[in-house]
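Report on the structure
The residues making up each chain are set out below.
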Amino acid sequence: MIGLISATSAGQRGCEHLAAAWPDEVRVYDGPVREAVGRAFAECEQLVCFLATGAVVRLIAPLLRGKDTDPGVVTVDETHQHAIALLGGHGGGANELAQRVADALGCRPVISTATDAAGVPGLDMLGWPVDGAVAAVSRAILDGDPVHLDTPHGVHPLPALPPNVTAATDSDVSLIVTDRVAAADTAARTVLLRPPSLVVGVGGSRGVPADEVLTLIGSALADAGLSPRSVVALATVDAKADEAGIVEAAERLGVPLLTYTADRLAGIDVPNPSDAPLAAVGTPSVAEAAALAAAPGGELLVPKRKSAPQEGPAMATAAVARRRPRGRLSVVGLGPGARDLLTPRAREELRRASVIVGLDQYVDQIRDLLRPGTRILESGLGAEEERARTAVEQARAGHAVALIGSGDAGVYAMASPALAEAADDIDVVGVPGVTAALAAAAILGAPLGHDHVSISLSDLHTPWDVIERRVRAAAESDLIVTFYNPRSRGRDWQLPKALSLLAEHREPGTPVGVVHAASRPDERSEVTTIAALDVTTVDMVTVVTVGNTATRNVAGRMVTPRGYRWQA
């Protein structure tokens, strides 16, 4: 919960704005400010105080307990120009909250945490548990000192790290990505980053206690030198999905419980099959087979072992498998070009990636948003399939990859060739973007108020007879049509032909909107008609939108009603 506190009418308006934007996340605290801050500090995970920074410092000073427990605190000035991450930048999430407040209020975030200010990912903000000398290693990274990166179990999809952090560096400062407990845990200049790599397969007799399951898991991990902080899931046969002790064990570990059918587990080769589980649940292995089922392509690190309670027979079995690292491919739409039409999610994905793949002119748009050390693989026009293959190959190698495209990456862009190449051995994330059609429509007015279709007039990938058939169908169906790739120097007859097909079913005065370079510095637009459109003003960065029989020019804007009332 986010507590909101204010002392003035301007601050109250800010509270009301955030309460409306985040209705299920916030609680507004009224009454005397000192009491309100005290209650919110005790009850909430984060605070937004519409107060002077100095006042907030004095109010929270007596309440501070420690960076691991204190809430994140953001202050906002009286005129709502700045959102300042004051306390708990990383641990309390104040840095992220300051950015959210800034996005909601239209102000600037002020973040002074060293790693964030330098564009370097904080070791405690990578989403994985960390052990060791976080402060010392972070200082070395920020100072540009050599830091040795060790990934003994394969490449993991980490964000970009600065150039001074590399496997080729020989240094006594180390960042090790491992699920193993090592002597380096106590080294003065070493951080162990715990990837989500371990799955524990669990079997149990009816009524097995959760404590027995947890004790067995703990001893299995400890004896194998494995960190419990890398355990990402428990796994078992579906006949045990409701076994209270196993369910409670997963809850207490804070991980999901994955279940598989007996037939699925019976088909997995294991080193220690047994007749007992075969008779009980229909598979010769539960613990080993479930661990391997939840770690496809991985390896069994700890074979099946039984619990050893002080009294009574053993009621639990466990085995541990390591998942093979999976690369991550994010397909990111950058929008039509203007920076303020780049979505916050797209920004996050660009910062999340260690490899960027894209058309050179699109890379130039977002180069300043990338973290230091990001590897950029850019190419020129006409290499879409090559870029898609490159992005997938990099993800298969274990990297965090962002494949970028303009508009929405799924609309006449890079998502389809990339996903045609990608198998199920990588994780794929789609990030939507503002399309050229939508950006142009917002400039023109409201031309897409009824059913509409987008058609590319480029016959480089689609035969013209197919394009023509689609244009005829749109014309006969009275659909609003947005033409992408309408005209180039070597392809100048397709747009006039498409307009003539539409004109067979629409009046000469039907509104047509033309938008060149929507949202970019050289943007220009006009609303004309089918009969009056000068096609020589159209090029490949132009979007042409043709209205339907209900579309009208209202005060110089294209407007299509949601129904056909105007025709009546």
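Every chain's residues receive numbers from 1 upward, in the order its sequence appears when written. Reporting in this predicted model follows two pLDDT cut-offs: at least 70 for local features of residues, and 80 or more for side-chain atom pairs to be given and counted; totals over whole chains, interfaces and linings ignore these cut-offs and use all residues. The basis for every side-chain value is the complete set of non-hydrogen atoms in the structure, without hydrogens or water.

A tally of helices and strands in the protein yields 18 helices and 29 strands. Two residues qualify as a contact provided that any one of their heavy atoms is within 4.5 Å of a heavy atom in the partner residue. Considering only intrachain contacts with a sequence separation of at least 6, the fraction spanning at least 24 residues in the protein is 66%. In this tally, Asp and Glu contribute negative charge and Lys and Arg positive charge; neither His nor the terminal groups of the chain are included. A charge is said to be at NZ when it belongs to Lys, at CZ for Arg, at CG for Asp and at CD for Glu. Counting 51 positive and 67 negative side-chain charges, the protein places the centres of these two groups 2 Å from one another. To qualify as a helix, a DSSP run of H or I must reach at least 4 residues; to qualify as a strand, a run of E must reach at least 2; elements of each kind are numbered from the N terminus.

Our focus in this paragraph is the pairing of strand β10 (residues 174–177). Per-residue accessibility, obtained with a 1.4 Å probe over protein chains only, is compared with the maximum for each type, and a residue is labelled buried under 20%, exposed over 50%, and partly exposed between these values. Covered by surrounding structure in β10 are Ser174 and Ile176 together with Leu175 and Val177, the residues of both alternating faces. Pairing between two strands requires that DSSP report at least two bridges joining them. The sheet contact formed by strand β8 (residues 147–150) and β10 spans 3 bridges and is parallel. Looking across to β10, one finds that Asp150 is bridged to Ile176. Here β10 pairs with strand β11 (residues 190–193) via 4 bridges, running parallel. Its bridge partner being in β11, Ser174 is matched across the sheet by Thr190.

Throughout, nonpolar core names a set of buried Ala, Val, Leu, Ile, Met, Phe, Trp, Tyr and Cys residues whose side chains join them through atoms within 4.5 Å. Ile455, Leu457, Val471, Phe483, Leu495, Val544 and Val546 are the most contacted members of the largest nonpolar core, which has 22 residues in total. What Val544 contacts, discounting residues up to four positions off in sequence, is Val481, Thr482, Phe483, Pro486, Leu495, Val512, Gly513, Leu533 and Val538. Formed by 21 residues, the second largest nonpolar core is a distinct cluster that contains Leu198, Val202, Leu214 and Ala316.

In space, the 5 strands of this open sheet follow the order β23-β24-β27-β25-β26, with mixed pairing throughout. With partners counted over all chains shown, the strands left at the sheet margins are β23 (452–456) and β26 (524–529), one partner each. On average, each strand axis in the sheet is tilted by 15° relative to the strand beside it, whichever way the strands run. Across 5 bridges, the pairing between strand β25 (residues 511–516) and strand β27 (residues 542–546) is antiparallel. Within the sheet, the bridge partner assigned to Val515 lies in β27 and is Val543. Running at roughly 115° to β25, helix α16 (residues 436–444) makes contact with β23, β24 (480–484), β25, β26 and β27 of the sheet. Where helix α17 (residues 464–476) meets the sheet, it contacts β23 and β24, and its direction lies at approximately 160° from that of β23. Fitted lines through C-alpha atoms serve as axes, helices being fitted only where they are in contact, and the angles separating the N-to-C directions of these axes extend from 0 to 180 degrees.

Time to look at the pattern of salt bridges. A pair is scored as a salt bridge if a Lys or Arg side-chain nitrogen falls within 4 Å of a carboxyl oxygen belonging to Asp or Glu. Summed over all chains, the structure comprises 21 salt bridges. Linking Glu248 and Arg252 is a salt bridge whose minimum nitrogen-to-oxygen distance equals 3.1 Å. One end of the pair, Glu248, and the other, Arg252, are both in helix α8 (residues 244–253), 4 residues apart, so they sit about a helical turn from each other. Under the relative-accessibility criterion, Glu248 is labelled partly exposed at 35%. For Arg252, a relative accessible area of 48% puts it in the partly exposed group. Between Glu378 and Arg367 there is a salt bridge whose closest N-O contact spans 3.4 Å. Of this pair, Glu378 sits in strand β19 (residues 375–379) while Arg367 sits in the loop between α13 (360–366) and β19, placing them 11 residues apart in sequence. When its relative accessible area of 36% is taken as the criterion, Glu378 is described as partly exposed. Exposure remark for Arg367: the relative accessible area of 35% places this residue in the partly exposed category.

With that settled, the discussion passes to the packing of aromatic side chains. Only centres within 6.5 Å qualify two rings of Phe, Tyr or Trp (six-membered ring in Trp) as a pair; their planes then separate them into stacked at under 30 degrees, edge-to-face at over 60, and tilted for everything else. Applying the stated criterion across every chain, the model contains 2 aromatic pairs. Measuring from centroid to centroid gives 4.7 Å for Tyr412 and Tyr484, while their planes differ by 50°, and the two rings are tilted. Highlighted residues: Tyr412 in the loop between β20 (400–405) and α15 (415–421) and Tyr484 in strand β24, separated in sequence by 72 residues. Ring geometry for Trp464 versus Trp493: centroids 5.0 Å apart, planes at 70°, classification edge-to-face. Taken together, the positions of Trp464 in helix α17 and Trp493 in the loop between β24 and α18 (494–503) put the pair 29 residues apart, joining distant regions of the chain. Assessed through its relative accessible area of 14%, Trp464 is described here as buried. Directly above the ring of Trp22 sits Arg100, whose terminal nitrogen or CZ lies 4.3 Å from the centroid. Two limits define a charge over a ring: the Lys NZ or Arg CZ must be within 6 Å of the ring centre, and within 35 degrees of the ring normal.

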